[in-house]
Structures are given as structure tokens and as C-alpha cells.
Amino acid sequence: MYRAIGGLTGLYLVVFGVLGFFASSGEPLLGRGDTQILGQGTNLGFSVFSIVVGGIVLAGTAIGRNLDVLINQWSAYLIMVVSLAGLAFIRTEANIFNLSVATVIVIMVASLVLLLAGMYGKVGTDDEHEAWKKARLVL
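It should be emphasised that the depicted structure is a prediction, and the values quoted were computed from it without experimental measurement.

Observations regarding the overall build of the chain
And step 1. Counting its secondary structure elements, the chain contains 5 helices and 2 strands.
And step 2. From first element to last, N terminus to C terminus, the chain shows the α and β order α-β-β-α-α-α-α.
And step 3. Projecting the C-alpha coordinates of the chain onto the three principal axes gives extents of approximately 65 × 25 × 20 Å.
And step 4. Long-range pairs, those at least 24 residues apart, make up 72% of the contacts in the chain with a sequence separation of at least 6.
And step 5. On the chain, roughly 8200 Å² of surface is accessible, and the fraction owed to carbon and sulfur atoms is 70%.

As C-alpha cells, this is what we get:
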């Protein structure tokens, strides 16, 4: 279930990035235009960032084997840093990704969902499950 949640989040990032890429093509890479996709501000640079991170999350979901857990956690941390930096610089010239408040909220929620999928998606071996069952306190 948590792999599916992580995969859907990665799919959202890819779809948002592709739509933003086509909407902002022809503009500067880190331009501060008025391009909006799905009610969120974006530019060509942030669209490419979303495609890359979403693609990495989707690749990790496809591979599985607890590699998706590691990828989801580190992707969540990266997206969280970008969203917090975007919030800090939202009304300045340092807003290189042209983020709006709606974009910051959505990508922060996406990072928290990826973090949840990373924290709870780890799968253990059968031996670890047996050891856990034997160690339980039976009342």
C-alpha cells in the first residue's frame, strides 16, 4: 500500500512537471513569469525539477526491494527543503522556481506523503517476522 502511495505521488510530480514544461516552454529556465499549472505557479526550471524527482520516485517504486523506502525518504527531504526555501524567498528575486503559496503547500504535502511512504513502507524478511512473533508478549 505504501509503495502505491509513493508511486502515485511520483506520478503526480511527473504529470505536474510535464504540464508545466509545455506551458512554460519558450520562457527562460528560471523565469519569473505568470505560468500556472493546476493552480500552482511554476517555471521551466521547477517543471524539470518535478519531472526528475518524480521519475526517480517512480523508478524506485518499480524496483522495490526496500530501495523505494530510501528513495522516498531522501526525495521527501529534498522536496521539503525546496518548498521551505521557496516559502522563505516567495516575494523576493531569489524565488528562482517562481513558486506561489499554493505551490509551496502542495509540494510540502507531497513531501510529507513521500516521507510517510518511506517511513512505513519497509518490508522485512520472513525470519524477521517470525522473530517478532516469538518476541511478542502473549497474554
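Additional details are given in the paragraphs that follow.
Comments concerning empty space enclosed by the protein
And step 1. With the rule as written, the count across this model stands at 1 cavity of 30 Å³ or more.
And step 2. There is about 30 Å³ of room inside the largest cavity.
And step 3. Every residue along the wall of the largest cavity is listed here: Leu13, Phe46, Phe49, Ser50, Ile79 and Ile107.
And step 4. Here the element with the most residues in the lining of the largest cavity is helix α2 (residues 44–63); it accounts for 3 residues.

Some details on unusual backbone geometry
And step 1. The phi dihedral of Asn66 falls on the positive side, at around 65°, and the residue is not glycine.
And step 2. Residue placement: Asn66 occurs in the loop between α2 and α3 (67–88).
And step 3. Residue Asn66 is classed as partly exposed on the basis of its relative accessible area of 28%.

Considering the nonpolar core
And step 1. Counting 19 residues, the largest nonpolar core has Phe46, Phe49, Ile79, Phe97 and Leu99 as its most contacted members.
And step 2. Only α1 (2–24), α2, α3 and α4 (101–120) provide two or more residues apiece to this core.
And step 3. Ranked by the residues each element gives to this core, the list is headed by α4, at 5 residues.
And step 4. Residues contacting Phe46, with those up to four places away along its chain left out, are Phe16, Val82, Phe97, Leu99, Thr103 and Ile107.

Some points on the packing of aromatic side chains
And step 1. Scanning the entire structure with this criterion turns up 8 aromatic pairs.
And step 2. Between the aromatic rings of Phe46 and Phe49, the centroid separation amounts to 5.9 Å while the plane-to-plane angle is 25°, which identifies the pairing as stacked. Here the residue Phe46 and the residue Phe49 both occupy positions in helix α2, the gap between them amounting to 3 residues, near one helical turn.
And step 3. According to the relative accessible area criterion, Phe46 is buried, its value standing at 1%.

Brief notes about the pattern of salt bridges
And step 1. For the coordinates displayed, the defined rule picks out 3 salt bridges.
And step 2. Of the charged contacts, one joins Glu93 and Arg32 as a salt bridge, the two residues approaching to 3.9 Å between their closest N and O atoms. Within this pair, whereas Glu93 is found in the loop between α3 and α4, its partner Arg32 is found in the loop between α1 and β1 (36–37), the two being separated by 61 residues in sequence.
And step 3. Taking relative accessible area as the criterion, Glu93 reaches 69% and is therefore assigned exposed.
And step 4. We classify Arg32 as partly exposed; its relative accessible area is 41%.
And step 5. Across the pair Glu130 and Lys133 runs a salt bridge, and its minimum N-O distance is 3.9 Å. Placement of the pair is Glu130 and Lys133 together in helix α5 (residues 126–135), with a separation of 3 residues, close to one helical turn.

Digging into the packing of α3 against α4
And step 1. Contact geometry of α3 with α4 gives a least axis separation of 8 Å together with a crossing angle of 160°. Taken as axis vectors, α3 and α4 run roughly antiparallel relative to one another. In the crossing of α3 with α4, the sense of the turn from one axis to the other is left-handed. Mapping the contact onto sequence places Val69, Asn72, Gln73, Ser75, Ala76, Tyr77, Ile79, Met80, Ser83, Leu84, Gly86 and Leu87 in α3 and Val104, Ile107, Met108, Ser111, Leu112, Leu114, Leu115, Ala117, Gly118 and Met119 in α4.

How each quantity is defined
- Residues numbered from 1 in each chain as written.
- Predicted model: local features only at pLDDT ≥ 70, side-chain atom pairs only at ≥ 80, totals over all residues.
- Heavy atoms only, no water.
- Helix = DSSP H or I, 4+ residues; strand = E, 2+ residues; numbered from the N terminus.
- Contact = heavy atoms within 4.5 Å.
- Areas by Shrake-Rupley, 256 points an atom, 1.4 Å probe, with all protein chains shown as cover.
- 1 Å grid on protein atoms, 1.4 Å probe; cavity = no way out; pocket = protein on both sides within 12 Å on 5 of 7 lines; lining within 4 Å.
- Points joined across faces, edges and corners; volume = space filled by probe spheres on them.
- Buried < 20%, exposed > 50% of the residue type's maximum accessible area, 1.4 Å probe, protein only.
- Core = buried A, V, L, I, M, F, W, Y, C linked by side-chain atoms within 4.5 Å.
- Phe/Tyr/Trp six-rings, centres within 6.5 Å; stacked < 30°, edge-to-face > 60°.
- Salt bridge = Lys/Arg side-chain N within 4 Å of Asp/Glu carboxyl O.
- Axes fitted to C-alpha atoms, helices over the stretch in contact; angles between N-to-C directions.
- Parallel < 35°, antiparallel > 145°, perpendicular 65-115°, else oblique.
- Left-handed = near helix turned anticlockwise from the far one by under 90°.

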